[in-house]
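# Coordinates in review
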Amino acid sequence: RSKQYSSVFVLDGELKIASTITDIAPGESIYSVRFNGAEGSLVTFRQVDPLYKLDFTDPLNPKISEGLKKDGVSMYLHYIEGTNYLIGLGQDSRTNEWGGVTWGGIEVTLFDVSGEEAEVNNSVYIGNYGSYAEALYNPKAILYDKDKNIFAFAAEAWIFDENNYYQRLQAQGYYVFGIEGGRLAQRAFLTDIEKEPSYNGWQEYQDYTFGCVKRAARIGDYLYTVSDRYVTAYTLEDFRKTDKITLADITIDRSGNITYILK
């Protein structure tokens, strides 16, 4: 019989195994892990999200906590240096009546890791099932700036339309979070999408995607969001839009050929 579990290995200077922690969360898979000096955090998942604290104060005798169990799963972990905070980015989930997993929207959670076990300070949710962010799978899609209190990424928020019984797009743009008074708060939502996209044809929907924010950069006291069509500038003080330029006129024909006319 096969047995699935997770392990942590500590290597010495010659890359030989010096110590291990094994048999972690049998039957579950690792979804994220982050090391921070002599400590670390590890998330496994099958139906709930155990967040384990790792202690490498004595690297020859590493320790692991019992684990904080919560609904949802963190696919990315980020320590806030100089604090006891850890941000988890992932998806919301619930255990359903049949013992399976029902997925929800994007979940951003602020953990306090100062104690023996991590504690949840609060969580913020984006959309429902079908919501998507590249940052869930690519940490390079995340903008983090501790000095400006920014943890941000682009995302599509989808919700279920109960009147028409289908998933529809609620919003697409750049979600900016920060830590305020020990809690995670959404500071701004920045978008270049002015209306809900049409679902009548793939061409119209594809045309909508050209205006979807993909990345952002902070330069001085301004935040710049970037899509295939636009670069838009916002002040960091109040996230007020100050300027917007069009990079290209983009068209798509019936055969799927895309034409860029640079400005």
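Preceding this section is the structure that the text describes.
Heads up: these notes are all about the structure in this document. (Residues numbered from 1 in each chain as written. Predicted model: local features only at pLDDT ≥ 70, side-chain atom pairs only at ≥ 80, totals over all residues. Heavy atoms only, no water.)

As a further point, take the sheet that holds strand β14 (residues 166-180). Read from one edge of the open sheet, four strands run β12-β13-β14-β15, paired in antiparallel fashion. Looking at which strands have only one partner, the edges of the open sheet turn out to be β12 (143-145) and β15 (183-190). Direction aside, the axes of adjacent strands within the sheet are offset by 40° on average. Pairing geometry for β12 and strand β13 (residues 150-161), over three bridges, is antiparallel. Paired with D145 across the strands is I150, a residue of β13. (Pairing = 2+ DSSP bridges. Helix = DSSP H or I, 4+ residues; strand = E, 2+ residues; numbered from the N terminus. Axes fitted to C-alpha atoms, helices over the stretch in contact; angles between N-to-C directions.)

Adjacent strands of a sheet pair through backbone hydrogen bonds, lying either parallel or antiparallel. Judged by pairing direction, the sheet is antiparallel, and its four strands sit side by side in the order β8-β9-β10-β11 without closing on themselves. The open sheet has two free edges, formed respectively by β8 (73-79) and β11 (119-126), since each of these has just one partner strand. Between one strand axis and the next, the sheet turns through 25° on average, direction left out of account.

Quantified by volume, the second largest pocket comes out at close to 260 Å³. The element that contributes the greatest number of residues to the lining of the second largest pocket is β13, accounting for three residues. Residues that form the lining of the second largest pocket fall into these classes: eight nonpolar, two polar and five charged. (1 Å grid on protein atoms, 1.4 Å probe; cavity = no way out; pocket = protein on both sides within 12 Å on 5 of 7 lines; lining within 4 Å. Points joined across faces, edges and corners; volume = space filled by probe spheres on them. Nonpolar A, V, L, I, M, F, W, Y, C, P; charged D, E, K, R; others polar.)

On to the packing of aromatic side chains, then. Counted by the stated rule, this structure contains eight aromatic pairs. Pairing F153 with F177 gives two aromatic rings, centres 5.9 Å apart and planes at 25°, and the pair type is stacked. Placement of the pair is F153 in strand β13 and F177 in strand β14, with a sequence separation of 24 residues. Owing to a relative accessible area of 0%, F177 belongs among the buried residues under this scheme. When the centroid spacing of 4.7 Å and the interplanar angle of 50° are considered together, the rings of Y175 and F189 count as tilted. Pair noted here: Y175 is in strand β14 and F189 is in strand β15, with a separation of 14 residues, a long-range link. (Phe/Tyr/Trp six-rings, centres within 6.5 Å; stacked < 30°, edge-to-face > 60°. Buried < 20%, exposed > 50% of the residue type's maximum accessible area, 1.4 Å probe, protein only.)

Okay, the side chain of S19 next. Topologically, S19 is positioned in strand β2 (residues 17-24). Relative accessible area serves as the criterion here: at 8%, S19 is assigned to the buried category. Among the polar contacts made by the side chain of S19, one reaches the main-chain carbonyl oxygen of P59 at a distance of 2.6 Å. The contact partners of S19, leaving out residues within four places of it in the chain, are V8, F9, V10, P59, L60 and P62. (Polar contact = N/O pair within 3.5 Å; in protein donor to acceptor, adjacent residues only side chain to side chain. Contact = heavy atoms within 4.5 Å.)

Another point: the pattern of salt bridges. Scanning all chains against the criterion turns up eleven salt bridges. Linking K70 and E107 is a salt bridge whose minimum nitrogen-to-oxygen distance equals 3.0 Å. Taken as a pair, K70 in strand β7 (residues 68-70) and E107 in strand β10 (residues 101-112) lie far apart in primary sequence, 37 residues in all. An identical accessibility class is assigned to K70 and E107; each is buried. One network of salt bridges, with partners in common, ties together D71, D92 and R94. (Salt bridge = Lys/Arg side-chain N within 4 Å of Asp/Glu carboxyl O.)

None of this, on its own, says anything about what the molecule does.
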